[in-house]
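Here are the chains, one letter per residue:
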Amino acid sequence: MAERKAGRRAEAAIVAVLPHAVRVQCDYEGGRSADLTVNGIGINVKWLGEGGLRQARELIANRENLPDVAVARRMSPGSREALSAAGIGWVDETGAAEIALDSLIVSRSGRPVEIVDKPPHWTPSVLAAAEALFCGKQATVEAIQEATGLSIGSSSNALRTLVDLELLSSESRRGRNSARQMTDPERLMDEYAAAAASMTTTLQLAAGGVWHDLEEGLRKIDRLWKSAKVAWAATGAAAASVLAPYLTRISVAEVYVDAATIAELESVAAKADLKPIEGGRVILRPFPTVATRKLMDEQNGLRHAPWPRVYADLRVAGVRGEDAAEHLWETVWEPIEFENVEEIEVVEYECDNLYAEVTFNIFGKKYRQKLQVTEGPVLPDRSYWMKNKGKEIKNALGLLLNRHEELASNPHIFEAIAKMRKD
């Protein structure tokens with residue numbers, strides 16, 4: 001049903017950019033493709049969902065059965081450029097289009113959209129839950145509540161919404177500790193990023209300092225804000241420069257701070273000797289969700305927002321930003337490629353009031369992880385684990401989370417696996 005709906009959306013978007021006198025007939029192929037007959041001429045179209053650069057590249061990489069036209073909800077600048085270079089026409093639901101076929105030429109700029117309509121069901125709480133999931137938190141009410149600071153009710157509703165949207169599987173048993181699994185991580189990320197962009201606040205402050213080098217300025221800002229106990233986190237290109245370096249030059253630093261009004265933004269800026277100025281190289285914005293603030297991290301001396309939020313912010317920063325976003329995705333999110341689950345298992349598990357210790361058998365070798373289960377930080381036993389932290393092992397651990405519900409439903413084993421992947 002969902003695939004047929006996608007085909008109908010593709011047809012409707014094509015019809016919307018054609019003259020009213022044009023006759024269009026449609027034959028749905030199945031999946032996300034449809035064959036249209038436009039004034040007697042056959043055209044194959046393919047629905048790309050949100051229309052991000054990754055979807056366009058995946059379509060182009062599949063050299064067989066390339067469509068004549070790709071259709072999306074809102075085709076990104078990077079997608080438009082990539083599809084045009086590959087000789088594939090494109091249309092999106094804003095009315096923008098570029099089609100150049102032997103029998104059909106269409107070029108439309110579409111309706112300018114300042115604020116994208118919020119996708120149905122997405123709320124700040126759902127965004128927060130999605131951020132936590134991509135940061136390795138378990139899909140249980142208890143884990144989401146702890147990671148984000150949401151209430152029990154908000155955490156439960158957020159997870160239920162993701163299940164209703166078919167982005168999470170239903171839990172195998174009821175209760176706060178019952179675990180769900182991502183059904184399609186790429187789709188979840190795409191829909192999260194689109195929703196995050198649609199709910200971006202217009203409240204911001206451009207500011208500048210007396211320093212000339214932006215990196216030097218961020219170090220000074222960090223010292224001053226730490227002294228003033230101001231919570232902040234870099235996002236966009238500045239954060240990506242430490243998470244997954246890609247862009248050679250960063251001209252503007254976007255940062256989130258604790259502020260809800262322009263007056264509060266100005267006050268926070270003053271504490272770092274920043275002056276409000278048009279065209280300033282530091283852009284201050286309020287933290288978008290409770291999870292963005294709680295999940296911020298520090299790497300190479302730079303505080304940064306959680307990587308899903310950095311990804312979402314990069315996607316709306318032009319073609320180069322989209323390239324950096326996809327590089328971040330490929331660097332941080334490791335797809336699960338292993339199929340032989342017989343070679344990956346938990347062989348021993350012990351837990352008392354203070355610690356949980358898990359022994360894994362991964363491709364014939366044993367690895368152990370020790371965790372503190374009382375309140376406080378999780379403490380990995382690095383003497384066992386740090387000997388081997390290669391991508392193959394991390395992918396195998398990811399397979400444990402994604403394929404074994406009985407393991408993911410145990411919070412201590414889940415945290416052990418998540419911690420080992422991160423380390």
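Because the structure is a prediction, the values reported are computed rather than measured. (Residues numbered from 1 in each chain as written. Predicted model: local features only at pLDDT ≥ 70, side-chain atom pairs only at ≥ 80, totals over all residues. Heavy atoms only, no water.)

## Brief notes about the confidence of the model for the protein
A residue-level look at the protein finds 72% of positions with pLDDT of 70 or above and a mean pLDDT of 78. Here residues 113-117 is a poorly scored stretch, pLDDT under 50, and it has eight contacts once near neighbours within four places are set aside; other chains count. In the model, residues 375-390 has pLDDT below 50 throughout and makes 28 contacts with residues more than four positions away in sequence or in other chains. (pLDDT = per-residue confidence, 0-100. Contact = heavy atoms within 4.5 Å.)

## Brief notes about the packing of helix H9 (residues 236-243) against helix H12 (residues 307-315)
For any two helices packed against each other, the geometry comes down to the angle between their axes and how far apart the axes lie. Packing of H9 against H12 leaves a shortest axis separation of 9 Å and a crossing angle of 130°. By the criterion of interaxial angle, the relationship of H9 to H12 is oblique. Our pair here, H9 against H12, has a crossing hand that is left-handed. Taking contact as the criterion, the partners of Gly236, Ala237, Ala239, Ala240 and Leu243 in H9 are, on H12, Trp307, Val310, Asp313 and Leu314. In the contact of H9 with H12, the residues fall into seven nonpolar, one polar and one charged. (Axes fitted to C-alpha atoms, helices over the stretch in contact; angles between N-to-C directions. Helix = DSSP H or I, 4+ residues; strand = E, 2+ residues; numbered from the N terminus. Parallel < 35°, antiparallel > 145°, perpendicular 65-115°, else oblique. Left-handed = near helix turned anticlockwise from the far one by under 90°. Nonpolar A, V, L, I, M, F, W, Y, C, P; charged D, E, K, R; others polar.)

## Describing the packing of aromatic side chains
In this structure the tally under the stated criterion is six aromatic pairs. Consider the rings of Phe134 and Trp307, whose centres lie 5.8 Å apart with planes at 75°: the pair is edge-to-face. With Phe134 in helix H4 (residues 124-134) and Trp307 in helix H12, this pair connects stretches of sequence that are 173 residues apart. Phe134 gets classed as buried once you look at its relative accessible area, which sits at 4%. An angle of 55° between the planes, with centres 6.1 Å apart, marks the rings of Trp307 and Trp329 as tilted. Pair noted here: Trp307 is in helix H12 and Trp329 is in helix H13 (residues 318-332), with a separation of 22 residues, a long-range link. Residues Trp307 and Trp329 agree in their burial class; the two are buried. Cluster of aromatic residues (ring-pair linked, three or more members): Phe134, Trp307, Tyr311 and Trp329. One residue, Arg54, lies across the ring of Trp329, its end atom 4.6 Å from the ring centre. (Phe/Tyr/Trp six-rings, centres within 6.5 Å; stacked < 30°, edge-to-face > 60°. Buried < 20%, exposed > 50% of the residue type's maximum accessible area, 1.4 Å probe, protein only. Lys NZ or Arg CZ within 6 Å of the ring centre and 35° of its normal.)

## Remarks on the pattern of salt bridges
If you walk through the whole model with that rule in mind, you get 15 salt bridges. One salt bridge connects Arg73 with Glu50, and the closest N-O pair in it is separated by 3.4 Å. A residue pair is termed long-range when its members are at least 10 positions apart, and Arg73 in the loop between strand S4 (69-72) and helix H3 (77-85) and Glu50 in the loop between strand S3 (41-47) and helix H2 (53-61) qualify at 23 residues. Residue classification places Arg73 among the buried residues on the basis of a relative accessible area of 19%. By relative accessible area, Glu50 is classed as buried at 17%. For Asp190, the salt bridge identified is with Arg54, shortest N-O distance 3.3 Å. Residue Asp190 is found in helix H7 (residues 185-198), and its partner Arg54 is found in helix H2; the two are separated by 136 residues along the sequence. Judged by relative accessible area, Arg54 falls into the buried class, the value being 7%. Taken together, the shared-partner salt bridges in this structure form one network comprising Arg54, Glu186, Asp190, Arg315 and Glu326. (Salt bridge = Lys/Arg side-chain N within 4 Å of Asp/Glu carboxyl O.)

## Points about the pairing of strand S8 (residues 205-208)
Here three bridges tie S8 to strand S12 (residues 282-286), and the two strands are oriented antiparallel to one another. In the strand pairing of S12, Leu205 is matched with Leu284. (Pairing = 2+ DSSP bridges.)

## Observations regarding the nonpolar core
Counting residues in each nonpolar core, the largest one holds 73 residues, and the members touching the most others are Trp122, Leu162, Tyr192, Trp225, Val257, Leu274 and Leu284. Leaving out residues up to four positions away in the same chain, Trp122 has contacts with Leu127, Ala130, Leu162, Leu165, Leu167, Leu188, Glu191, Tyr192, Ala195 and Met199. (Core = buried A, V, L, I, M, F, W, Y, C linked by side-chain atoms within 4.5 Å.)

## Quick word on helix H5 (residues 141-148)
Counting along an α-helix, one turn takes 3.6 residues, and residues three or four places apart therefore face a common direction. Taken together, the buried positions of H5 are occupied by Val141, Ala143, Ile144, Ala147 and Thr148. Along H5, the residues classed as buried sweep out an arc of 165° about the axis, all on the same side. Against H4, helix H6 (152-164) and helix H11 (290-294) lie the buried residues of H5. Two residues or fewer after H5 comes Gly149, characterised by a positive phi angle close to 85°. (Arc of directions from axis to C-beta.)

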